[in-house]
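Letter by letter, the chains look like this.
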Amino acid sequence: MKANFKKRKINEKIFLITLSYGGLLVSACSTSQIHNVQTKGEISKEFLYANAKCGDSEEERYLQKQIINQLKIKNIYGRDLNIKCKILHFDEGNRFARYMVGFGAGAATTTIKIELENQQNEKIGEFEVSAEMKMGAFGGSALNTLEESAVKIVNFIEKNYIK
């Protein structure tokens with residue numbers, strides 16, 4: 001999984017640059033949902049900022065970068081709330097099947113566990129995010145499931161934990 005990640009990223013960049021140069025727009029459509037939400041006490045909007053730390057795999061580092069980018073876009077990046085993330089499941093599916101067949105054939109799927117901690121490293125909540133990409137232009141990139149998950153994670157945290 002690690003060795004293929006960099007090669008896949010380079011190939012996708014070359015592919016996207018080539019398509020962009022030709023004037024075509026490439027997009028993929030994935031859906032994500034939050035489930036298994038657990039909290040210690042009531043959820044309260046007591047934080048101003050959040051930060052992310054994911055695992056050590058290439059995909060987890062990519063996810064961490066996507067979450068931090070979303071936090072920065074929303075201007076809530078900082079050290080108040082710690083977001084710990086671990087990818088429980090990442091299946092790239094089959095890009096060719098997504099392109100040629102669609103309708104769920106070759107779907108890429110991801111499941112991520114999120115733990116939230118305050119500044120004293122006390123766990124205050126956790127949830128999971130599942131994402132699926134059933135189709136996309138030219139089959140779409142499986143990494144889109146991580147990007148979509150990052151948006152969902154940050155939106156949930158902003159809505160429920162950020163003042």
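Residues numbered from 1 in each chain as written. Predicted model: local features only at pLDDT ≥ 70, side-chain atom pairs only at ≥ 80, totals over all residues. Heavy atoms only, no water.

### Concerning the environment of Thr39
In this structure, Thr39 sits in strand β1 (residues 28–39). Residue classification places Thr39 among the partly exposed residues on the basis of a relative accessible area of 35%. Each residue touching Thr39, except ones within four places of it in the same chain, is listed here: Ile124, Gly125 and Tyr161. (Helix = DSSP H or I, 4+ residues; strand = E, 2+ residues; numbered from the N terminus. Buried < 20%, exposed > 50% of the residue type's maximum accessible area, 1.4 Å probe, protein only. Contact = heavy atoms within 4.5 Å.)

### Let's talk about the pairing of strand β3 (residues 81–91)
In this structure, strand β2 (residues 50–54) lies alongside β3, joined through five bridges in parallel fashion. When the bridges of β3 are listed, Ala50 appears paired with Leu81. Note that β3 and strand β4 (residues 108–117) share nine bridges and pair antiparallel. Residue Asp91 lies in a different strand from β4, and its bridge partner there is Thr109. (Pairing = 2+ DSSP bridges.)

### Digging into unusual backbone geometry
If you check the backbone angles, Asn75 has positive phi at about 60 degrees while not being a glycine. Tracing the sequence through the fold places Asn75 in the loop between α2 (58–73) and β3. Unlike most non-glycine residues, Asn121 shows phi in positive territory, near 60 degrees. On the basis of relative accessibility, which here comes to 53%, the residue Asn121 falls in the exposed class.

### Remarks on the confidence of the model for the protein chain
Per-residue confidence for the protein chain gives a mean pLDDT of 82, with 76% of residues at or over 70. Segment residues 13–27 is flagged for pLDDT under 50; beyond a separation of four residues in sequence, or across chains, it makes ten contacts in the model. (pLDDT = per-residue confidence, 0-100.)

### Describing the pattern of salt bridges
Tallied over the entire structure, the rule returns six salt bridges. Where Arg61 meets Glu58, a salt bridge forms, and the shortest distance between an N and an O atom there is 2.6 Å. Taken as a pair, Arg61 and Glu58 lie in helix α2 at a separation of three residues, close to a single helical turn. Residues Glu115 and Lys123 are paired through a salt bridge, measuring 4.0 Å at the closest nitrogen-oxygen approach. (Salt bridge = Lys/Arg side-chain N within 4 Å of Asp/Glu carboxyl O.)

### Considering helix α4 (residues 143–161)
In this model, α4 (19 residues) spans 27 Å end to end at C-alpha, consistent with the 27 Å of a helix rising 1.5 Å per residue. Listing the buried residues of α4 in full gives Leu143, Asn144, Thr145, Leu146, Ser149, Ala150, Ile153, Val154, Phe156, Ile157, Asn160 and Tyr161. (Expected span 1.5 Å × (residues − 1).)

### Section: the state of the cysteines
Enumeration according to the criterion identifies one disulfide in this entry. In this model Cys54 forms its disulfide with Cys85; the gap between the sulfur atoms is 1.7 Å. Here the S-S torsion is close to -60 degrees, and the disulfide linking Cys54 with Cys85 is therefore left-handed. Taken together, the positions of Cys54 in strand β2 and Cys85 in strand β3 put the pair 31 residues apart, joining distant regions of the chain. Under the relative-accessibility criterion, Cys54 is labelled buried at 5%. (Disulfide = S-S within 2.5 Å.)

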